[in-house]
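Understanding the architecture of this molecule
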Amino acid sequence: MVTLSPGVTVSPSSSSASKYSPMSISIHGQKTMGANFNWGKLWALPLPGKILHFLWRLVTYSLPLRMKLKQRGLEVDTRCPVCFRLDEDGGHCFLKCKFVKKIWGLSQMEPIRLKLLLCTNPLCLLEEVFRLNEEECMKVCILLWLVWHQRNKANAGEKIKCPDDILSSINYHTYEYRSLKQRRMIPKQTNIQKWTPPPAAGAGNLEHVSDAFHAEALAILNALNATAKMGFNQVIFEMDSTVLKQAISSEDYDLAPLGALFQEIKFQLRIAFENVKLYVCPMSCNNAAHVLAAHEASLGDGMYEIWLGQFPELVMNSVAGDLTSRSL
Ligand SMILES: [Zn+2]
């Protein structure tokens, strides 16, 4: 028994391949355990909680390996329950067992196993695993977890899978968790903005407009005039321009080239309605407006149409997707 520092001891390995058996270090005292270990990196691994919990048990010496049970004073058969050849410590269970070595080889990860054999404790081992690329890191963690699962079956006297079947499981789980990570990266449905249909709609063809912004402002002016004529006194105007909303709800753009038009809109909004709400509605949320714009472009200059409740089929078709998503 070699003492490294107070509370840290290393047991000589039963293997002749290395001086010390990996993961045979026993650390007493919670303060020293993993003080410098990157725990955040462990919990950030793109793996399910059951595997992360297993890894946490591995690095905190919480797995009931037979040598550990003996160190605690229990009378146990310390032979590996899988191969019945050598004492079962962490190094044997995960890296040196004849059965486990076959799995590492079949997984094309023998060079990684040899590198991990040089680690003197499970914290060091996991840090080495973190240095691998993400795919290899995931595969190693899944391999260790599956090996422990099979070891527990053997420990309970149950039949265990053959190395080829475990290799299939490693590949399956790696694929599954990689897909899960990709799905998590897709924006959630709740972030998708949706459109709420209005009780009335109108569209027209404007004359003499200088640009799209000018057209938007004129459209609002025509819309509020038409709405006022219909007797509505509580209205909501939707537009896809934040600048237009700012221009007709503040004095910021009163001195701009279209300032007179903005002041006219603000005046009409004040005198014609009791309650006015102005919303910015992203273009992606109001496909109906764009369908109507395309429809009205085919009309003559100055022509316009208004619908109350009964919208034309081309509008209903264009909003079908929005209306369906609202009900989900
Ligand atoms: Zn064994």
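How each quantity is defined
- Residues numbered from 1 in each chain as written.
- Predicted model: local features only at pLDDT ≥ 70, side-chain atom pairs only at ≥ 80, totals over all residues.
- Helix = DSSP H or I, 4+ residues; strand = E, 2+ residues; numbered from the N terminus.
- Buried ≥ 20, exposed ≤ 12 C-beta atoms within 10 Å, placed from the backbone.
- Contact = placed C-beta atoms within 7 Å.
- Arc of directions from axis to C-beta.
- Pairing = 2+ DSSP bridges.
- Axes fitted to C-alpha atoms, helices over the stretch in contact; angles between N-to-C directions.
- Parallel < 35°, antiparallel > 145°, perpendicular 65-115°, else oblique.
- Nonpolar A, V, L, I, M, F, W, Y, C, P; charged D, E, K, R; others polar.
- Core = buried A, V, L, I, M, F, W, Y, C linked by C-beta atoms within 7 Å.
- pLDDT = per-residue confidence, 0-100.

Right, let's talk about the overall build of the chain for a bit. If you tally the helices and strands in the chain, you get 14 helices and 7 strands. Residues counted as buried form 24% of the 328 residues belonging to the chain. Relative to all contacts within the chain whose residues are 6 or more apart in sequence, the contacts with residues 24 or more apart total 63%.

Turning to helix α2 (residues 49-59), a few remarks are in order. Every buried residue of α2 is listed here: Leu 55, Leu 58 and Val 59. All buried residues of α2 project into a common sector of 85 degrees when viewed along the axis, lining one side. Turned more than 90 degrees from where α2 packs its buried face, Gly 49, Lys 50 and His 53 sit exposed.

This part is about the environment of Gln 246. Tracing the sequence through the fold places Gln 246 in helix α11 (residues 242-249). Distance from Gln 246 to Phe 262, taken between C-alpha atoms, is 9.9 Å for residues 16 residues apart in sequence. When sequence neighbours within four positions are dropped, the list of residues in contact with Gln 246 reads Asp 252 and Tyr 253.

Turning next to the pairing of strand β6 (residues 275-280). Residues in a regular strand point their side chains to alternate faces of the sheet. For β6, the tally of buried residues reaches only 0 of 6 residues, placing the bulk of the element at the surface. The pairing of strand β5 (residues 234-239) with β6 spans 6 bridges and is parallel. Residue pairing across strands places Val 235 opposite Val 276, the latter belonging to β6.

Okay, the packing of α2 against helix α7 (residues 122-130) next. For any two helices packed against each other, the geometry is given by the interaxial angle and the distance between the axes. Interaxial distance between α2 and α7 falls to 8 Å at its minimum, and their mutual angle equals 135 degrees. In this view, α2 runs oblique relative to α7, as classed from their interaxial angle. Listed contacts from α7 to Leu 55, Leu 58 and Val 59 of α2 are Pro 122, Leu 123 and Leu 126. Its residues placed into classes, the contact of α2 with α7 shows 6 nonpolar, no polar and no charged.

Attention now moves to the environment of Val 243. Structurally, Val 243 is set in helix α11. When the 15 C-beta atoms within 10 Å are taken as the criterion, Val 243 is described as partly exposed. Taking the C-alpha atoms as reference points, Val 243 and Val 280, separated by 37 residues in sequence, lie 9.5 Å from one another.

Let us now look at the nonpolar core. Residues Cys 141, Leu 143 and Leu 144 are the most contacted members of the largest nonpolar core, which totals 33 residues. Taken together, the elements giving at least two residues each to this core come down to α2, α4 (90-96), α5 (98-106), α7, α8 (134-155) and α9 (163-185). A total of 9 residues in this core trace back to one element, the largest contributor, which is α8. Formed by 14 residues, the second largest nonpolar core is a distinct cluster that contains Ala 217, Ala 223, Phe 237 and Phe 262.

Although it is not a glycine, Phe 84 adopts a positive phi angle of roughly 55 degrees. Topologically, Phe 84 is positioned in the loop between α3 (66-71) and α4. With 10 C-beta atoms packed within 10 Å, Phe 84 lands in the exposed category. Although it is not a glycine, Gln 108 adopts a positive phi angle of roughly 60 degrees.

This part is about the environment of Phe 273. Topologically, Phe 273 is positioned in the loop between α12 (259-272) and β6. Beyond its immediate stretch of four places on either side in the chain, Phe 273 contacts Asn 233, Gln 234 and Val 235.

So, on to the packing of α2 against α8. One can describe the packing of α2 onto α8 by two numbers: an axis separation of 10 Å at closest approach and a directional angle of 80 degrees. Looking at the two axes, α2 sits roughly perpendicular to α8. Contact residues: α2 offers Ile 51, Phe 54, Leu 55 and Leu 58, while α8 offers Cys 141, Ile 142, Leu 144, Trp 145 and Trp 148. Classifying every residue of the contact of α2 with α8 gives 9 nonpolar, no polar and no charged.

Our focus in this paragraph is α5. Every buried residue of α5 is accounted for by Val 100, Ile 103 and Trp 104. Mapping the buried residues of α5 onto a view down its axis gives an arc of 100 degrees, with all of them on the same face.

Let us look at the confidence of the model for the chain. Detailed conclusions should not be drawn from predicted coordinates in areas where pLDDT is low. Scored by pLDDT, the chain comes out at a mean of 77, with 67% of its residues at no less than 70. Per-residue pLDDT stays below 50 along residues 1-32; that stretch engages in 55 contacts with residues further than four places along the chain or on separate chains. pLDDT under 50 marks residues 324-328. Its contacts with residues more than four places away, or in other chains, come to 2 contacts.

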